[in-house]
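Here's the letter readout for the chains.
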Amino acid sequence: MENFVLSAARKNLENVGYLDLDLDPGKDLFQEIERLKREKNAIILAHYYQEPDIQDVADYIGDSLGLAQAAAKTEADLIVFAGVHFMAETAKILNPGKKVLLPDLKAGCSLADSAPAGPFRKFKEAHPDHVVISYINCTAEIKALSDIICTSSNAEKIIESVPADQPIIFAPDKNLGAYLNKKTGRNMLLWNGSCMVHEIFSLEKITRLKVRHPEAKVIAHPECEDAVLRVAEFIGSTTQLLKYTQKDSAQAYIVATETGILHQMQKESPLKTFIPAPPTNNCACNDCPHMKLNTLEKVYLCMEYELPEITMEENLRLAAKKPIERMLEISRKAGLIGG
Ligand code: SF4
């Protein structure tokens with residue numbers, strides 16, 4: 001029979017976001033997680049912004065596009081999604097028959113939250129002739145209201161796949177949308193959303209860092225504000241930034257995106273120097289507070305007890321699946337992902 005502590009933790013799950021159970025500090029969580037993976041035919045998909053310990057136990061580490069593709073292809077029975085809520089939802093949309101777990105249900109996303117379904121539906125209804133392209137960082141409800149999903153890796157190709165004279169709504173990130181308007185020469189109508197992490201970088205502090213480290217190249221994610229993008233020598237998705245630092249000849253980089261990616265950059269190029277771009281104040285705001293809610297302990301707990309689980313109403317799932325499949329199809333045709 002289930003013990004009292006466990007059943008209390010289950011009852012409290014909605015409030016806390018995870019099973020709040022004490023773990024024996026002597027437990028080797030790395031070993032335990034490997035055991036659970038084998039016993040349950042489980043796979044851990046982790047975003048680059050996860051803490052280093054989680055990246056080290058993951059079977060696949062990637063950005064949103066890579067993770068969506070890995071989720072679509074996996075043969076595991078249990079998917080542990082070490083990322084934020086909309087990412088785990090995407091995995092569930094693509095794998096209705098599989099159990100999808102998120103280590104902490106409260107790992108949300110300020111960007112996804114900036115596009116609530118009700119107001120967005122009205123916005124769309126006010127522009128009925130527009131095609132809706134939504135960045136993958138949005139809820140299942142927003143996906144269901146979209147025609148095509150995109151990520152920062154494939155956004156340009158997705159936009160180019162739409163006829164030049166077709167008006168487009170782009171949601172939810174206004175910074176990425178403005179950057180894409182510049183790159184593609186389109187005039188997409190932008191939803192006014194943004195990511196709290198990518199808006200926090202201080203141009204002034206980046207400029208000061210650049211004076212101290214003139215040899216370092218500034219590289220940035222397109223969710224950053226225009227002022228930061230203007231001083232960047234390379235702009236790209238998380239994966240593109242990582243690949244750039246591997247191939248490029250510079251020895252130092254000032255990295256304007258969430259700091260989690262620095263772990264992989266340093267692993268891939270141990271002799272290079274990576275400096276996180278500083279935020280406007282002295283907090284650790286360039287760490288995504290949502291992503292960092294997941295911990296190795298919570299990964300272990302969710303695998304052991306198979307909670308918290310992502311569930312979704314079937315009509316919503318089917319409606320949200322269409323624009324994701326459209327994205328995967330266009331990305332395949334453009335050679336951005338394998339067959
Ligand atoms: S870094 Fe920004 S966009 Fe990414 S999960 Fe965190 S809040 Fe959302």
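Cut-off values and rules
Residues numbered from 1 in each chain as written. Predicted model: local features only at pLDDT ≥ 70, side-chain atom pairs only at ≥ 80, totals over all residues. Domains from an automatic or database assignment. Contact = placed C-beta atoms within 7 Å. Helix = DSSP H or I, 4+ residues; strand = E, 2+ residues; numbered from the N terminus. Core = buried A, V, L, I, M, F, W, Y, C linked by C-beta atoms within 7 Å. Buried ≥ 20, exposed ≤ 12 C-beta atoms within 10 Å, placed from the backbone. UniProt positions renumbered as here; feature names shortened; annotations may be inferred.

1. Description of the domain arrangement of the protein chain
Here is step 1: Parsing the protein chain into structural domains produces domain 1 (4-108 + 291-308), domain 2 (111-195 + 318-333) and domain 3 (203-276).
Here is step 2: For domain 1 and domain 2, the distance between their C-alpha centres works out to 28 Å.
Here is step 3: Across the boundary between the two partners, domain 1 contributes 12 residues, which contact 15 residues of domain 2.
Here is step 4: Of all elements in the fold, only α5 (64-73) and α6 (85-94) reach the threshold of two or more residues within the side of domain 1 that touches domain 2.

2. Considering the nonpolar core
Most often, soluble globular proteins have nonpolar side chains that are buried together.
Here is step 1: Core analysis: the largest hydrophobic core is formed by 99 residues, its most contacted members being Leu 45, Val 80, Phe 81, Ala 171, Ala 256 and Val 299.
Here is step 2: Residues within four places of Leu 45 in sequence aside, it is in contact with Ala 58, Tyr 60, Leu 67, Ala 70, Ala 71, Ile 79, Phe 81, Ala 82 and Ala 91.

3. A short note on the UniProt feature "binding site: [4Fe-4S] cluster" (unreviewed entry) in the protein chain
Here is step 1: According to UniProt, the "binding site: [4Fe-4S] cluster" (unreviewed entry) feature falls on Cys 109, Cys 195 and Cys 288. Annotated residues spanning 180 residues; largest pairwise C-alpha distance 9.4 Å, indicating a single compact cluster.
Here is step 2: Judged by C-beta crowding, with 25 C-beta atoms within 10 Å, Cys 195 ranks as buried.
Here is step 3: Ignoring sequence-local partners within four residues, the contact set of Cys 195 consists of Ser 110, Leu 111, Asp 173 and Glu 223.
Here is step 4: Examined against the element boundaries, Cys 288 turns out to sit in the loop between β12 (273-276) and α16 (296-305).
Here is step 5: What Cys 288 contacts, discounting residues up to four positions off in sequence, is Tyr 49, Val 197 and Glu 258.

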